[in-house]
Each structure stands twice: as C-alpha cells, then as structure tokens.
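A look at the structure
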Amino acid sequence: MVSTLIPPKIASPSAIGGAADAARMQRVVSFYEKLPRGAAPAPQPKGLIERYQARYMNGKNARAMRE
C-alpha cells in the first residue's frame, strides 16, 4: 500500500543521460509547471440555505447561537 504513495525516482542521476531520457524529463517538468500553486480557493456557497448559513451561522459574523 505504501509503495503506491511514493513517486518513482524520475530525477535520479542515472535517469538523466540520453536524449530520450532528457525528453522524458522535459515532459515531466512541463507537467509539474502547469499545476496550480498554493492553497485551493475556498468553495463558495451555492444554494439559498448555504448562503444563509455562511452569512449568519459561520465565519466572523456568526451569532452567539452555539454557547
């Protein structure tokens, strides 16, 4: 199970050698460059009840209902 979580050693010194390996490394690098950086944006409430709950029950404007 743990072996599926560990990525393969793509950038090991023995893997960087020929033109084919360099092309493969370039594809890996370009893939990781396209990934977004930072934390994911917070999901916005969509429905009527979710917006009401976000405005009045959660966050900095929460009323003293839960004491």
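Check the entry above for the structure.
What comes next is a walk through the structure. Everything numeric in this text was worked out from a predicted model, so none of it was measured.

Structural notes on the overall build of the chain
- Check the secondary structure of the chain and you find 2 helices and 0 strands.
- Looking at the chain residue by residue over its 67 residues, the buried ones come to 4%.
- Counting every atom, the chain has about 6600 Å² of accessible surface; 61% of that belongs to carbon and sulfur.

What to know about the packing of aromatic side chains
- Scanning the model with the defined rule gives 2 aromatic pairs in all.
- Between F31 and Y32 the ring centres are 5.2 Å apart and the planes differ by 80°, which places this aromatic pair in the edge-to-face class.
- Under the relative-accessibility criterion, F31 is labelled partly exposed at 47%.

Focus: a nonpolar patch on the surface
- A cluster of nonpolar side chains, F31, Y32 and L35, forms an exposed patch at the surface whose accessible area comes to about 320 Å².
- Assignment of secondary structure puts F31 in helix 1 (residues 19-34).

So, how was this worked out
Residues numbered from 1 in each chain as written. Predicted model: local features only at pLDDT ≥ 70, side-chain atom pairs only at ≥ 80, totals over all residues. Heavy atoms only, no water. Helix = DSSP H or I, 4+ residues; strand = E, 2+ residues; numbered from the N terminus. Buried < 20%, exposed > 50% of the residue type's maximum accessible area, 1.4 Å probe, protein only. Areas by Shrake-Rupley, 256 points an atom, 1.4 Å probe, with all protein chains shown as cover. Phe/Tyr/Trp six-rings, centres within 6.5 Å; stacked < 30°, edge-to-face > 60°. Patch = residues over 30% accessible without salt bridge, like charges linked within 9 Å, V, L, I, M, F, W, Y side chains within 5 Å. Salt bridge = Lys/Arg side-chain N within 4 Å of Asp/Glu carboxyl O.

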